[in-house]
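# A structural walkthrough
Chain by chain, the residues:
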Amino acid sequence: MTSATVTPTGDLLVADSGLDDDTFNIVAAARFTDADATARITRTVEELAGTGRSFSWWVGPASTPSNP
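Below: a short report on this structure. (Residues numbered from 1 in each chain as written. Predicted model: local features only at pLDDT ≥ 70, side-chain atom pairs only at ≥ 80, totals over all residues. Heavy atoms only, no water.)

## Details of the packing of aromatic side chains
- This model, assessed by the stated rule, comprises one aromatic pair.
- Ring centres of Phe-32 and Trp-57 lie 6.4 Å apart, and the angle between their planes is 70 degrees; on these two criteria the pair is classed as edge-to-face. Placement of Phe-32 in the loop between strand 3 (26-28) and helix 1 (37-49) and of Trp-57 in strand 4 (residues 56-57) is noted, with a sequence separation of 25 residues between them.
- Note on Phe-32: relative accessible area 5%, which makes it buried.
- Take Trp-57: its relative accessible area is 29%, and that puts it in the partly exposed class. (Phe/Tyr/Trp six-rings, centres within 6.5 Å; stacked < 30°, edge-to-face > 60°. Helix = DSSP H or I, 4+ residues; strand = E, 2+ residues; numbered from the N terminus. Buried < 20%, exposed > 50% of the residue type's maximum accessible area, 1.4 Å probe, protein only.)

## Looking at the pairing of strand 2 (residues 13-16)
- Judged from the four bridges that link them, strand 1 (residues 5-8) and strand 2 form a sheet pairing that is antiparallel. Each residue of the ladder has a partner; that of Pro-8, found in strand 2, is Leu-13.
- Linking strand 1 back to strand 2 in an antiparallel pair, the connection comprises four residues, with Gly-10 at a positive phi of about 100 degrees.
- In the sheet, strand 2 pairs with strand 3 via three bridges, with the strands oriented antiparallel. Considered in strand 3, the bridge of Val-14 is made with Val-27. (Pairing = 2+ DSSP bridges.)

In structure tokens:
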């Protein structure tokens, strides 16, 4: 898929298939600090909303912080 991208930022992974389907567009591996979690989540959601495509955000036991 030529339009697909995977972007690791160090504290987050964004996989964008280029399709409007949250099965194939994901945000995962969040490793935010308590101090930056709200700002990082807000910025990520705003950036992805700008694509006009659906994304799912996967949260697991290794995601931090545990309750932003």
